[in-house]
2 protein chains.
Amino acid sequence: MHNRCMIDPRLITLRVFARCGTVGATAELTGYSPSAVSAQLRELQRVLGMQLLTKDGRGVRLTATGRFLVEGSDTLISEWESLRAAAMEAGDQVQSRFGLGGFSTAAAQLLAPLAASLRSTHPLLQVQVLEANPARCFDLLVAERIDLAVIVAMQSDSYGEDDPRFEQTVLLDDPLDVILPASHPLASRKTVTLEELATEPWITEAAGSTYHSLFTAAFTAVGVTPRIAHEAVEWETQIAFVGAGLGVGLLPRLAPLHNAENVVRLHIAGKGKPARRIVAAVRRGSITSPLIQESLGILQVSAARILNDRPKDDL
Amino acid sequence: MHNRCMIDPRLITLRVFARCGTVGATAELTGYSPSAVSAQLRELQRVLGMQLLTKDGRGVRLTATGRFLVEGSDTLISEWESLRAAAMEAGDQVQSRFGLGGFSTAAAQLLAPLAASLRSTHPLLQVQVLEANPARCFDLLVAERIDLAVIVAMQSDSYGEDDPRFEQTVLLDDPLDVILPASHPLASRKTVTLEELATEPWITEAAGSTYHSLFTAAFTAVGVTPRIAHEAVEWETQIAFVGAGLGVGLLPRLAPLHNAENVVRLHIAGKGKPARRIVAAVRRGSITSPLIQESLGILQVSAARILNDRPKDDL
DNA sequence: ATATCCATGCACAATAGGTGCATGATTGAT
DNA sequence: ATCAATCATGCACCTATTGTGCATGGATAT
């Protein structure tokens with residue numbers, strides 16, 4: 001399972017460790033056991049003749065040398081990805097495994113068709129799809145568990161757009177809609193503005209979650225401070241809360257309302273049209289790989305189809 | 001023994017194969033058995049999902065993809081060497097193994113003191129010295145069997161000065177002297193010119209050898225075509241031939257005459273003062289490594305000392 | 001003081017990866 | 001045309017790397 005890389009897997013492990021800081025978390029991300037991670041890092045130090053880790057309290061911490069090595073390895077990894085991509089391209093070769101990662105609705109609406117398409121066109125390609133939140137998707141890319149991730153762009157998160165480890169491609173902007181109880185005075189409207197809903201009790205996710213930052217960003221853009229009344233983790237829960245009349249919420253258009261009772265979805269009008277940007281991310285250098293290129297193409301088509309299927313987007 | 005590299009060792013094996021063309025030779029150079037090389041290359045193709053080799057007669061041959069990958073891997077390797085060197089430098093770490101390679105007189109006069117010096121200053125460093133001819137030294141560098149080679153620069157050979165895999169540093173120019181039988185009419189002279197010896201029967205190495213090209217280069221420089229009477233492989237043999245009055249020869253100043261009877265060594269005068277250039281070669285990127293730097297320093301000192309010990313050099 | 005969390009060492013198990021020999025295919029020489 | 005030489009590869013076997021699971025020990029927070 002762990003033989004897909006040309007760079008020493010122990011260095012990959014070190015990179016994951018540099019990201020998450022503890023041996024246990026590294027083990028979880030890489031799929032090894034904690035003992036294995038510990039042994040790998042010890043071996044790596046022995047082979048390289050470098051001290052990469054120091055005890056720090058009850059954990060371990062990277063030394064300056066370790067940090068240096070990890071940072072420097074960014075270019076090494078992308079160099080390899082580049083080379084592999086070019087070689088695949090030059091010789092129209094087929095790779096055997098392909099890992100995809102994505103988050104909930106993105107995974108459902110974009111990744112599933114992609115995986116199906118790849119399966120049919122490349123019968124002997126082992127496609128694996130992992131559902132994971134955006135932050136974890138980046139970690140999984142670093143850990144080489146997946147090769148492509150479809151995620152919601154996070155502006156203020158730890159992985160910037162210019163991270164030397166990744167390359168990102170915008171797929172589509174998924175507008176946020178308002179969901180109201182059917183009994184709400186504004187429920188019969190076609191559109192609403194956030195200002196009109198400024199005093200409503202809002203339902204959102206817990207602070208620190210992926211969508212919470214989107215939520216606050218939407219309101220700060222129009223200069224309104226919403227009152228957060230309830231918190232939900234799943235869309236379904238949030239919809240149920242709204243249906244029960246507990247408050248109102250924001251729901252990405254890609255998230256299906258199914259046939260929820262007592263809930264209506266309204267597009268947002270006005271200058272601040274909040275949206276979540278959905279992007280595809282790959283390891284830097286791998287973007288020219290034929291499989292990646294094909295996948296991105298399929299994703300773009302899916303994204304375009306999604307936008308076309310919803311002609312009211314330009315409201 | 002073979003765990004010193006951060007790049008997949010199978011890729012290194014492929015690179016060596018690209019150099020020598022047969023599985024057997026690759027096995028000999030890398031230190032594996034032929035079966036192991038075969039299995040490694042098969043595995044590499046499986047893991048990468050690329051066809052790198054094709055059957056060609058009774059052997060195998062690189063495909064276009066294979067060649068592409070090998071060429072592209074040059075920068076990858078040097079990138080890694082660079083990174084490792086920088087990390088070692090940044091954290092004044094010590095590496096555990098260090099392989100040196102060199103050829104006969106160079107090995108004796110430059111490598112041995114270097115190895116001794118490194119041994120004393122780095123007690124727990126495993127220094128290994130391999131005697132090998134220049135071409136093989138380059139192969140051993142590619143195969144990662146050695147880290148530094150002291151060789152005689154070859155102008156027209158397969159490894160040019162600008163090979164992307166190596167970096168070379170000039171250590172010294174070792175002048176070629178003439179050795180004559182003591183009974184020779186010119187034996188009492190202080191110096192001679194090649195023109196004066198144009199009609200002599202010459203003793204040299206077999207065509208195609210390292211020094212044969214030096215030999216011919218020396219004469220073409222002064223526009224003389226020597227008559228090659230005898231061939232010898234070892235310096236000792238050549239000296240014995242000269243001592244027996246069979247002819248005259250060229251001998252690098254670094255090659256000791258010991259106390260050979262009936263043989264005198266004369267410096268060459270005139271415009272064409274032939275010399276063999278002795279250089280140190282390392283894998284590209286590794287030259288900033290502390291150990292390499294220290295070694296090069298020691299070598300330079302040795303080279304300077306050698307030149308000073310022979311004050312007649314500027315004749 | 002006690003509970004908890006984290007890394008690590010150890011016994012054991014799996015497996016990747018090695019060698020040596022036999023085999024088959026191809027080329028060149030007698 | 002036969003035979004020898006050369007080369008790659010498959011197979012049986014073995015080794016040693018590298019994994020897991022559990023127990024241990026140090027460090028912190030309650």
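Definitions and cut-offs
Residues numbered from 1 in each chain as written. Chains lettered and ligands numbered in written order. Predicted model: local features only at pLDDT ≥ 70, side-chain atom pairs only at ≥ 80, totals over all residues. Heavy atoms only, no water. Helix = DSSP H or I, 4+ residues; strand = E, 2+ residues; numbered from the N terminus. Contact = heavy atoms within 4.5 Å. Areas by Shrake-Rupley, 256 points an atom, 1.4 Å probe, with all protein chains shown as cover. Core = buried A, V, L, I, M, F, W, Y, C linked by side-chain atoms within 4.5 Å. Buried < 20%, exposed > 50% of the residue type's maximum accessible area, 1.4 Å probe, protein only. Near = heavy atom within 4 Å. Polar contact = N/O pair within 3.5 Å; in protein donor to acceptor, adjacent residues only side chain to side chain. Nonpolar A, V, L, I, M, F, W, Y, C, P; charged D, E, K, R; others polar. Buried area = accessible area lost by both parts, 1.4 Å probe. Salt bridge = Lys/Arg side-chain N within 4 Å of Asp/Glu carboxyl O. Least-squares fit on C-alpha atoms with pLDDT ≥ 70 in both. Domains from an automatic or database assignment.

A. How the structure looks around the overall build of chain A. Scanning chain A from N- to C-terminus turns up nine helices and 12 strands. For the C-alpha atoms alone, the extent of chain A along its principal axes is close to 70 × 50 × 30 Å. Here the analysis covers contacts within chain A between residues at least 6 apart in sequence; of these, 72% occur between residues at least 24 apart. Summed over all atoms, the accessible surface of chain A reaches about 13600 Å², with 53% contributed by carbon and sulfur.

B. Region of the structure containing the nonpolar core. One finds Ile-7, Leu-14 and Leu-69 of chain A together with Ile-7, Leu-14 and Leu-69 of chain B to be the most contacted residues of the largest nonpolar core, which totals 50 residues. When contributions to this core are tallied by element, the ones reaching two or more residues are α1 (9-20), α2 (23-30), α3 (34-48) and α4 (64-90) of chain A together with α1 (9-20), α2 (23-30), α3 (34-48) and α4 (64-90) of chain B.

C. How the structure looks around the protein's contact with DNA strand C. Taken together, the neighbourhood of DNA strand C is formed by 18 residues, with Val-23, Gly-24 and Ser-38 of chain A together with Ser-33 and Ser-35 of chain B sitting nearest. The sugar and phosphate moieties of DNA strand C supply 73% of its atoms located within 4 Å of the protein. Within the backbone of Gly-24 of chain A, an N or O atom sits 3.0 Å from a phosphate oxygen of DNA strand C. At the level of secondary structure, the elements contributing two or more residues to the surface near DNA strand C comprise α2, α3 and β2 (59-62) of chain A together with α3 of chain B. Counting residues per element, the surface near DNA strand C draws most heavily on α3 of chain A, at four residues. Within the surface near DNA strand C, the residues separate by chemical class into five nonpolar, 10 polar and three charged.

D. The interface of chain A and chain B, seen in detail. Facing the 33 residues of chain A at the interface are 32 residues of chain B. With both sides pooled, the region where chain A packs onto chain B buries about 2900 Å², and carbon together with sulfur makes up 67% of that total. Interface area lost by chain A to chain B is led by Met-6, Leu-76 and Leu-83 of chain A, which between them contribute 21%. The tally of links from chain A across to chain B stands at zero salt bridges. At the boundary of chain A with chain B, the tally comes to four residue pairs in polar contact (both at pLDDT 80 or more). Where the side of chain A that touches chain B is concerned, the elements lending two or more residues are α3 and α4 of chain A. For the side of chain A that touches chain B, the element with the highest residue contribution is α4 of chain A, accounting for 14 residues. Broken down by class, the residue content of the side of chain A that touches chain B amounts to 17 nonpolar, 11 polar and five charged.

E. Looking closely at the relation of the copies chain A and chain B. Overlay of chain A on chain B (RMSD 0.1 Å): rotation 180 degrees, translation along the axis 0.1 Å. In symmetry terms, the pair is related by a two-fold rotation axis. Proximity to the rotation axis, assessed at the C-alpha, singles out Ile-7 of chain A in chain A; its C-alpha lies 2.5 Å from the axis. In this assembly the copies share their binding face: 97% of the residues contributing to the interface of chain A also contribute to that of chain B.

F. Representation of the domain arrangement of chain A in the model. Per the domain assignment, the segments making up chain A are domain 1 (1-91) and domain 2 (173-276). When each unit is reduced to the centre of its C-alpha atoms, the spacing between domain 1 of chain A and domain 2 of chain A is 41 Å.

G. Focus on the protein's contact with DNA strand D. As a matter of local geometry, DNA strand D sits amid 18 residues, with Ser-33 and Gln-40 of chain A together with Val-23, Gly-24 and Ser-38 of chain B nearest to it. In the interface set of DNA strand D, defined as its atoms within 4 Å of the protein, sugar plus phosphate atoms amount to 70%. Here a phosphate oxygen of DNA strand D sits 2.5 Å away from a polar atom, N or O, in the side chain of Ser-33 of chain A. Broken down by secondary-structure element, the contributors of at least two residues to the surface near DNA strand D are α3 of chain A together with α2, α3 and β2 (59-62) of chain B. Ranked by residue count, the leading element in the surface near DNA strand D is α3 of chain B, at four residues. Counted by class, the surface near DNA strand D contains five nonpolar, 10 polar and three charged residues.

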